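Structural overview
Here's the letter readout for the chains.
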Amino acid sequence: MRKLDDIASAILEYHPAAEVDVIFDAYFYSAKAHRNQSRKSGEAYFSHPVEVAWNLTRLRMDEKSVAAGLLHDTIEDTLATKEEIVERFGEEVCQLVDGVTKISKMQFSSKEESQAENYRKMILAMSKDIRVVLIKLADRAHNIQTLESLSEASRYRIARETLDIYAPIAHRLGIGWIKNELENGCLPHIAPEECRIIREKMERGREFRTIYVEKVCLIIEDELKEADIEGSIKGRTKQDYSIYKKMIEQNISFEEVYDLIGIRILTSSLKDCYAVLGLIHSLWKPIPGRFKDYIAMPKPNQYQSLHTTVIGPEGERVEVQIRTQAMHRICEEGIAAHWQYKEKTGPHYGDSSDSRLNWVRHLIENQKDIKNPKDFLNAFKVDLFSNEVYAFTPAGEVLALPRGSTPLDFAYAVHTDIGNHCELAKVNGKFVALRHKLRNGDQVEITTSKESSPSREWLSFVKTPKAKGQITHFINAHERERSFRLGREMLENAVRGYGMDPSLLINEQHMSEVLQGAGVMNLEGLYLGMGIGKISPLQIVQKLVPNEVLETRKGEEGSQVKLKEIASFKSTGSSIRVKCFNDDIHLRIGKCCNPVPGEPITGYITRARGVTVHHMDCPCVSDLGGESERLVVVEWEDEGQKDFEVRIHIVAEDKPGQLAEITQVVAGCNTNITRANIKQGANKRAYFDFLIEISDLAQLDETLSAISAIEGVIHVERIKANAGSAHRG
Ligand code: MN
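Analysis parameters
Numbering of residues starts from 1 in each chain and follows the order in which that chain's sequence is written. Given that the model is predicted, a residue must reach a pLDDT of at least 70 before its local features are reported, and side-chain atom pairs must reach 80 or more before they are shown or counted; all residues, however, enter totals for whole chains, interfaces and linings. Note: side-chain values were computed over all heavy atoms of the structure, leaving out hydrogens and water. Counting from the N terminus, the helices are DSSP H or I runs at least four residues long and the strands are E runs at least two residues long. Burial status follows relative accessibility: with a 1.4 Å probe on protein chains alone, a residue under 20% of its type maximum counts as buried, one over 50% as exposed, and anything between as partly exposed. We call two residues in contact when some of their heavy atoms are within 4.5 Å. The Shrake-Rupley method, run with a 1.4 Å probe sphere, supplies the accessible areas, and residue values consider only the shown protein chains as cover. Here an angle of 0 to 180 degrees is reported between the N-to-C directions of two axes, which are lines fitted to C-alpha atoms, with helices fitted over the stretch in contact. An angle below 35 degrees is read as roughly parallel, one above 145 as roughly antiparallel, one from 65 to 115 as roughly perpendicular, and any other as oblique. Following the grouping adopted for this structure description, the nonpolar residues are Ala, Val, Leu, Ile, Met, Phe, Trp, Tyr, Cys and Pro, the charged ones are Asp, Glu, Lys and Arg, and the polar ones are all others, Gly among them. Should DSSP find at least two bridges between two strands, the strands are taken to pair. Per-residue confidence from the predictor is given as pLDDT, running between 0 and 100. Only nitrogen, oxygen and sulfur atoms qualify as donors, provided they sit within 2.8 Å of the metal or within 3.2 Å for Na, K and Ca; with water excluded from the atoms, sites may seem incomplete. The nonpolar core is taken to be a set of buried Ala, Val, Leu, Ile, Met, Phe, Trp, Tyr and Cys residues, with the residues joined through side-chain atoms within 4.5 Å. Criterion for a salt bridge: a side-chain nitrogen of Lys or Arg within 4 Å of a carboxyl oxygen of Asp or Glu. Two N or O atoms form a polar contact when they lie within 3.5 Å of each other; inside protein one atom must be a possible hydrogen donor and the other a possible acceptor, and for residues adjacent in sequence the pair counts only when both atoms belong to side chains. Ring pairs shown here join Phe, Tyr and Trp side chains whose ring centres sit within 6.5 Å, with only the six-membered ring taken for Trp; geometry is labelled stacked below 30 degrees between planes, edge-to-face above 60, and tilted in between.

1. Considering the overall build of the protein chain
- Helix and strand counts for the protein chain come out as 30 helices and 21 strands.
- Here the protein chain holds 729 residues, and the buried ones make up 48% of them.
- For the protein chain, the proportion of contacts with a sequence separation of at least 24, taken over those separated by at least 6, is 65%.
- Surface accessibility of the protein chain: about 36600 Å² in total, with carbon and sulfur atoms responsible for 49%.

2. Let's talk about the packing of helix H18 (residues 407-414) against helix H20 (residues 465-497)
- At a minimum axis distance of 8 Å, the contact between H18 and H20 shows a crossing angle of 85°. Regarding the angle of H18 to H20, the classification is roughly perpendicular. Here Asp409, Tyr412 and Ala413 of H18 lie close against H20, whose contacting residues are Lys466, Ala467, Gln470 and Ile471.
- Partitioning the contact of H18 with H20 into residue classes produces four nonpolar, one polar and two charged.

3. Brief notes about helix H13 (residues 240-249)
- Buried within H13 we find Asp240, Tyr241, Ile243, Tyr244, Lys246 and Met247.
- Close packing links the buried residues of H13 with helix H9 (152-172), helix H10 (176-190) and helix H11 (192-204).
- Remark: Asn251 follows H13 within two positions and exhibits a positive phi of approximately 50°.

4. A look at the sheet that holds strand E9 (residues 422-427)
- A sheet is described by the order of its strands in space; here five strands give the open sequence E8-E7-E11-E9-E10, paired in mixed fashion. The open sheet terminates on both sides in strands that have one partner only, identified here as strand E8 (398-402) and strand E10 (430-432). Averaged over all neighbouring strand pairs, the angle between strand axes comes to 45°, with direction disregarded.
- Looking at chain direction, strand E7 (residues 388-392) and strand E11 (residues 442-448) are connected through two bridges and run parallel.

5. Overview of the confidence of the model for the protein chain
- For the protein chain, the average pLDDT comes to 80, and 83% of its residues sit at 70 or higher.
- The low-confidence segment residues 555-573, where pLDDT is below 50, has 37 contacts with residues more than four positions distant or belonging to other chains.
- Across residues 580-584 the pLDDT falls below 50, and counting only partners more than four positions away or on other chains, this stretch makes 16 contacts in the model.

6. Examining the coordination of the manganese ion
- At this site the manganese ion is bound by His48 (NE2), His72 (NE2), Asp73 (OD) and Asp139 (OD), with donor distances of 2.2 to 2.4 Å.
- Along the chain, the residues that donate to the manganese ion are spaced as H-x23-H-D-x65-D. With a gap of 66 residues between them, Asp73 in the loop between helix H4 (63-71) and helix H5 (74-77) and Asp139 in helix H8 (residues 130-145) connect regions that are remote in the sequence.
- For Asp73, a relative accessible area of 10% puts it in the buried group.

7. Here's the deal with the sheet that holds strand E15 (residues 611-615)
- Spatial strand order, E13-E15-E14-E16: four strands in an open sheet with mixed pairing. Each edge of the sheet is formed by a strand with only one pairing partner; in this case those strands are strand E13 (587-589) and strand E16 (631-632).
- Summarising the sheet, E13 and E15 pair through three bridges and their orientation is parallel. Of the residues in E15, the one forming a bridge with Ile589 is Val613.

8. Considerations on the side chain of Arg718
- Here Arg718 shows up in strand E21 (residues 713-719).
- A relative accessible area of 13% means that Arg718 is categorised as buried.
- Apart from the residues within four sequence positions on either side, Arg718 is in contact with Cys593, Asn594, Pro595, Val596, Glu599, Val646, Arg647, Ile648, Leu700 and Leu704.

9. Side note on the nonpolar core
- Ile23, Leu59, Val66, Leu137 and Leu173 are the most contacted members of the largest nonpolar core, which has 81 residues in total.
- The element that contributes the greatest number of residues to this core is H8, accounting for nine residues.

10. Overview of the environment of Ala698
- In this fold, Ala698 is placed in helix H29 (residues 697-708).
- Measuring from C-alpha to C-alpha, the distance between Ala698 and Val596 comes to 9.8 Å, with 102 residues separating the pair along the chain.

11. A look at the pattern of salt bridges
- For the structure shown, the criterion picks out 27 salt bridges.
- Here Asp240 and Arg199 are joined by a salt bridge, their closest N and O atoms 2.8 Å apart. Residue Asp240 is located in helix H13, and its partner Arg199 is located in helix H11; the two are separated by 41 residues in the primary sequence.
- Its relative accessible area of 16% is what places Asp240 among the buried residues.
- Take Arg199: its relative accessible area is 36%, and that puts it in the partly exposed class.
- In this structure, Lys201 and Glu255 form a salt bridge, with 3.0 Å as the shortest nitrogen-oxygen distance. Of the two residues, Lys201 is situated in helix H11 and Glu255 in the loop between H13 and strand E2 (261-267); the sequence distance between them amounts to 54 residues.
- By sharing partners, the salt bridges in this structure join Asp62, Lys64, Glu92 and Arg131 into a single network.

12. Digging into the pairing of E7
- Counted residue by residue, E7 has five buried out of five residues, so it is predominantly covered.
- Because side chains alternate across E7, one face comprises the buried residues Glu388, Tyr390 and Phe392, and the other comprises Val389 and Ala391, equally buried.
- Sheet topology places E7 next to E8; five bridges connect them, and they run antiparallel. Directly across from Glu388, in E8, lies its bridge partner Pro402.
- Here E7 folds back onto E8 in antiparallel fashion, the turn holding five residues, of which Gly396 has a positive phi close to 90°.

13. A short note on the environment of Met202
- Of note, Met202 is situated in helix H11.
- Looking at Met202, the relative accessible area reads 3%, which means it is buried.
- Remark: the alpha-carbon pair of Met202 and Thr237, spanning 35 residues in sequence, is separated by 9.2 Å.
- Setting aside anything within four residues of it in sequence, one finds Met202 in contact with Arg209, Thr237, Lys238, Ile243, Phe254 and Leu260.

14. Observations regarding the side chain of His48
- Positionally, His48 belongs in helix H3 (residues 47-58).
- In terms of polar contacts, His48 uses its side chain to reach the side chain of Asp73, at 3.4 Å.
- For His48, the contacting residues outside a window of four places in its chain are Arg39, His72, Asp73, Asp139, His142 and Asn143.

15. Describing the packing of aromatic side chains
- Applying the stated criterion across every chain, the model contains eight aromatic pairs.
- Here the aromatic rings of Tyr29 and Phe89 are separated by 5.4 Å at their centres, their planes lie at 80°, and the arrangement is edge-to-face. Taken together, the positions of Tyr29 in helix H2 (residues 21-33) and Phe89 in helix H6 (residues 82-105) put the pair 60 residues apart, joining distant regions of the chain. We note that Tyr29, like Phe89, is buried.
- Seen in terms of ring centroids, Phe688 and Phe690 are 6.0 Å apart; in terms of plane orientation they differ by 50°. Their pairing is tilted. In this structure, Phe688 and Phe690 share a single accessibility class: buried.
- Taken together, the ring pairs connect Tyr27, Phe28 and Phe46 into an aromatic cluster.

Shown next, in the form of structure tokens:
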């Protein structure tokens, strides 16, 4: 087992200014916390955090990360608490431990590739500090080494999860050695038989390959000397896992995997890479299509190298990689190659967003030639760049949604029916509003009900195009149905108004001329036309009802006359648009609720006065109940600034100068007070009732918050209905 000394001296080697006290402290704290625990293998549990800390020194991490590595299982598995960790090791270490704990708690259930990608993105997005991911990788690397003692089922599950999620993350971060350790370590657990064959056959050919590689290396060495190029040449064994992957992907046997022999040449300058390539190609014939220039075109994870495969001595295929020493370091260490420890100052990453920004920027600038820099950025879904949010379904699947998405977006993402019947939402076990904004890692549960259906208000807060589209679709279909019923009701009423029986007069077969005249195909079209106000029931009725009846009933008031009135009134010129009607409509703002631009509104067709516009929540509207057919869609127009009157109620301390101060603040918001009512109450309270003029909701909000900020103001409230103030009076 590795010891504290090993870890401390390892870190001091690459980071001489490291404050190792925190590592000492964490070591003893963790040893004590885990003292009675043992691993499945029978070994003391404490050996695990120590190995994780050791792996972190291999990643050249700072002292706080190494300490967090020692502590990473304490919150989850021992009696230690977050509070204790903060107190003893500080906020930063605690956040690292907490971040690792959060990831460890997640259950990754699905095997689908798209899901795996979401899991990976979620892990990167949740770990606002990239060090959390690295600690988790160090943790997993040790777990994979010690899988043996677990049951076959657990071994398979953990190995699968590691290959699907953690190895690709290591690859994305460019940390070659962790990726290889994870992949090769997992192979015997997911494909024991294939792994055995590969290892056996590799072993059998080892002697031949060793001698062969030595020979090739000597030839290259001579050539380099002659050309006066400095470089180190090494034989390279293909990884077990990449042989396995090749066999599976290309459906070939071990014997058909050719490039088992590999050579790597490290040069001291970029220019030399290409010179060496020329030498190799002049020595041996390159295989067409196998040359790759990842120097001119680095991989998204910053990997740079020249690759070529040649027919070497005795006709064996040899894969050759050529790169500089610096490039090689990045191949192996990835982002860890960018840590820079200077005297006294810490490394160039950490919790302040500034240094993180610089660090990421540095990475990006280093690969200007990259074809698609977005790929690279996407790999670093740190908080700064994250425009997605990841949430769990109850079944453990992860959905990726745009940032700002709500449980309703989530419901629609699961299924349109779940969205359309969404009633309640729970996030992490607690009920939340449907407009609640989701956060990374939230577990969302939706309750549906047959009675629930989309409302126009939903459109004001959903984020995803799918939810918006489906809600609009539902509402339009619903409105069509409503218009149809309203049109039919109006026509039937109009006919009854002449004392006739609608069932006798209204009949598609006998109405073909009337329908044609109205420009519709059938009765349904006629009803719809009337329902949305395009066709006047009066004109239709005049063609349906016999002339003699028309004569006798002339001048009598029927509902069709009222509808004509509606259609002939001029628009008030307010900034409201009625969706279904033509321009000629009389609009009135409801005195009961005084909606202001920006608020959700609905229109109500009154018997005599056209359309009254109410706030969506106005009690007048909800009291209508069965008459909901008379509701029409209205919306605010973007232009046309006009002032609106709003009633506000303020409770404040009754002290001299209070009114003057309030009116001054209101005026400061460019708001006019048109009426004021002041009352003195008990307990040294003063009550102010104001009518103020505002132009939009934003101005109202600004005014209200300015008032509430005044010293002595206890409560500010907008009064939506007259009923409320009457009640108070
Ligand atoms: Mn662990």
